[in-house]
Structures are given as C-alpha cells and as structure tokens.
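Chain by chain, the residues run as shown.
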Amino acid sequence: MKALLLKDWYVLRKQAWAYLIIVLVWGAIPSEVLNLLAVVYGAMIPYTAMAYDQRGRWDRFARMLPYSDRTVVLSRYALGWISLSVGAFAVAICQGVLTCLPLPAKLSANLSPGFVFAALCVGCLLLDLNIPLILRYGTEKARWVAILITFLTFASVGALNGLVNDVKTVAAAVLSLALTGILALTIITTAVSILLSLKFYRENR
C-alpha cells in the first residue's frame, strides 16, 4: 500500500502543496466555518486521485501488478484518511499557536478537540459516500458525484458550525454522547463502504 500512496503523491504533489497551504490558511483564520472546512475538505482529495487514475487507465495496469483488490481499494481510503488528518493537524497547530499568543480572544476560533474530532468523523462519512460511487460509475460518468460531495462538504460544515454554537450552552456530557454516536456511525459506515467499494471494483474488471 505504501507504493500506491507514493504513486498518488507523485501524481498529486503539486495539488498537495496547494492543499497544504489552503488548510494552513483556513486553520489560522479565526473562523469556525473555515477551521472545520479545513478538516472536512480532505474528503475531496481521493476524487482527484481517482480521476487521474481512470483517465490514465491506471486501474487496468494495476491488475497486472502484485496488488490485491483489497489493497488497491484500501489505498483510496488511506489517502482520504491522511488528507483528513493533515487538515485536523493543521487546524490544531494553528489554533493552538494563536491561543498561546497574547492576542485578543477574537483572533481564535476556540475550537475544542471534540469539534475537530467531529469534523474528522464527518469527513470520513463523506469519504465513505464518495469512493463507492466513483468506483461504481467512474469519474467521467459521475461528475455529479463531485458536485454532490462539494455540496455535502459545505452543508456538513454549516451543520457542525451550528453544533458548535448550540453545544456551548449544554453540558459536556451531551457533547460526549454526541461524539460517541458520531464515532459509532462512522465505524459502521466505513465498514459497509469498504465492502461496497471492493464489490464495485471487482465488478469493473
């Protein structure tokens, strides 16, 4: 799988640097919406990689290499998980630095680790929707997938931002319960998504 991820890096390295700059800027701006978007945006990166692969007929070539179907499919998820983690790490670092500096409180979004974790889970859920649809219909035939994922990305960030504002007035126990529910949903959805992706990938042989 390391080789597959390295291949994605070589294909996407120009976009990867631009993505890193974007999430660092969004992570440093005192805006809850942009901070959460910096995390969730990583769910869109695998779409770009898969579009390049299908355009270059990589999937056909990959079947001639000693990679199992499971490894190829999981590499797609791993790329998304890495992208989401980079966004979360960038937000945590930027907001942590801003909090430590003697700056006005308004220059920090004051996002708790719980909300960054919730954004990670939402990003994983978008990833779980994105990959099976692309493997089933292909990037060329399913351009609406990118539009759908983009819409859901911004919609989920808006919902998370509303959750941030609402939970400020409720007990921490409620937040803990909500995060537990989101985590359980993410684990179940990811398991189902991987099985579907593997099925669709094998059907496209």
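This is a predicted model, so every value here is computed, not measured.

Colleague: What am I meant to see in the environment of V72 here?
Modeller: Along the chain, the position of V72 falls in helix 5 (residues 69–100). Judged by its relative accessible area of 4%, V72 falls in the buried class. It is 8.2 Å that separates the C-alpha atoms of V72 and A62, two residues lying 10 residues apart in sequence. Beyond its immediate sequence surroundings of up to four residues, V72 is in contact with L4, Y67 and Y201.

Colleague: Would you mind going over the packing of aromatic side chains with me for this structure?
Modeller: Two aromatic rings, taken as a pair, are described by how far apart their centres are and by the angle between their planes. A complete count under the given rule lists four aromatic pairs for this structure. Judged by centre distance (6.0 Å) and plane angle (45°), the rings of Y77 and W81 are tilted. A residue pair is termed a helical-turn pair when its members lie 3 or 4 positions apart in one helix, as Y77 and W81 do in helix 5 at four residues. Assessed through its relative accessible area of 33%, W81 is described here as partly exposed. By the ring-pair criterion, three or more aromatic residues cluster together here, those being Y19, W26 and Y41. Lying over the aromatic face of Y137, R136 brings its terminal NZ or CZ to 5.1 Å of the ring centre. The positively charged end of R136 is found above the aromatic ring belonging to F200, 6.0 Å away from the centroid.

Colleague: Which parts of the structure should I look at to understand the confidence of the model for the protein chain?
Modeller: Close inspection of predicted coordinates is inappropriate for parts of the model with low pLDDT. Mean pLDDT for the protein chain: 78, with 75% of residues reaching 70 or above. Within the protein chain, the element-level pLDDT minimum falls on helix 7 (residues 143–167), averaging 64, and the maximum on helix 5, averaging 86.

Colleague: Would you explain helix 6 (residues 113–137) in this entry?
Modeller: Because each turn of an α-helix spans 3.6 residues, side chains separated by three or four positions in sequence point in the same direction. With 25 residues, helix 6 should reach 36 Å at 1.5 Å per residue; the first-to-last C-alpha distance of 36 Å fits that figure. Most of helix 6 sits inside the fold, with 18 of its 25 residues counted as buried. The first or second residue beyond helix 6 is G138, which carries a positive phi of 85°.

Colleague: Quick question: what am I supposed to make of the pattern of salt bridges here?
Modeller: For the structure shown, the criterion picks out six salt bridges. Where D69 meets R202, a salt bridge forms, and the shortest distance between an N and an O atom there is 3.4 Å. Taken together, the positions of D69 in helix 5 and R202 in helix 8 (residues 172–203) put the pair 133 residues apart, joining distant regions of the chain. Given the relative accessible area of 12%, D69 is considered buried. Overall, R202 belongs to the partly exposed group, its relative accessible area being 45%. Linked by salt bridges that have partners in common, K7, D8, D53 and R76 make up one network.

Colleague: Sorry if this is basic, but what is going on with the packing of helix 1 (residues 2–28) against helix 5 here?
Modeller: Two quantities define a packed helix pair, namely the angle between the helix axes and the distance between the axes. The contact between helix 1 and helix 5 brings their axes to 10 Å, and the two run at 25°. Relative to helix 5, the element helix 1 lies roughly parallel. When the axes of helix 1 and helix 5 are compared, the crossing they make is right-handed. A breakdown of the residues in the contact of helix 1 with helix 5 according to their chemical character gives 18 nonpolar, six polar and three charged.

Colleague: What am I meant to see in empty space enclosed by the protein here?
Modeller: Here the structure, examined in full by the defined rule, presents one cavity of 30 Å³ or more. Taken as a whole, the largest cavity encloses approximately 30 Å³ of empty space. Lining the largest cavity are M50, D53, Q54, D59, R76 and L135.

Colleague: Explain the side chain of D8 to me, please; I cannot follow it from the model alone.
Modeller: Assignment of secondary structure puts D8 in helix 1. For D8, a relative accessible area of 3% puts it in the buried group. At a separation of 2.8 Å, a polar atom in the side chain of D8 contacts the side chain of K7. Those residues in contact with D8 that sit more than four places away from it in its chain are A49, D53, R76 and L79.

Colleague: Before we go on, may I ask you to explain the environment of F89 in this structure?
Modeller: Summarising the element assignment, F89 is placed in helix 5. Note: C-alpha distance between F89 and L24 (65 residues apart in sequence) is 9.4 Å.

What counts as what
- Residues numbered from 1 in each chain as written.
- Predicted model: local features only at pLDDT ≥ 70, side-chain atom pairs only at ≥ 80, totals over all residues.
- Heavy atoms only, no water.
- Helix = DSSP H or I, 4+ residues; strand = E, 2+ residues; numbered from the N terminus.
- Buried < 20%, exposed > 50% of the residue type's maximum accessible area, 1.4 Å probe, protein only.
- Contact = heavy atoms within 4.5 Å.
- Phe/Tyr/Trp six-rings, centres within 6.5 Å; stacked < 30°, edge-to-face > 60°.
- Lys NZ or Arg CZ within 6 Å of the ring centre and 35° of its normal.
- pLDDT = per-residue confidence, 0-100.
- Expected span 1.5 Å × (residues − 1).
- Salt bridge = Lys/Arg side-chain N within 4 Å of Asp/Glu carboxyl O.
- Axes fitted to C-alpha atoms, helices over the stretch in contact; angles between N-to-C directions.
- Parallel < 35°, antiparallel > 145°, perpendicular 65-115°, else oblique.
- Left-handed = near helix turned anticlockwise from the far one by under 90°.
- Nonpolar A, V, L, I, M, F, W, Y, C, P; charged D, E, K, R; others polar.
- 1 Å grid on protein atoms, 1.4 Å probe; cavity = no way out; pocket = protein on both sides within 12 Å on 5 of 7 lines; lining within 4 Å.
- Points joined across faces, edges and corners; volume = space filled by probe spheres on them.
- Polar contact = N/O pair within 3.5 Å; in protein donor to acceptor, adjacent residues only side chain to side chain.

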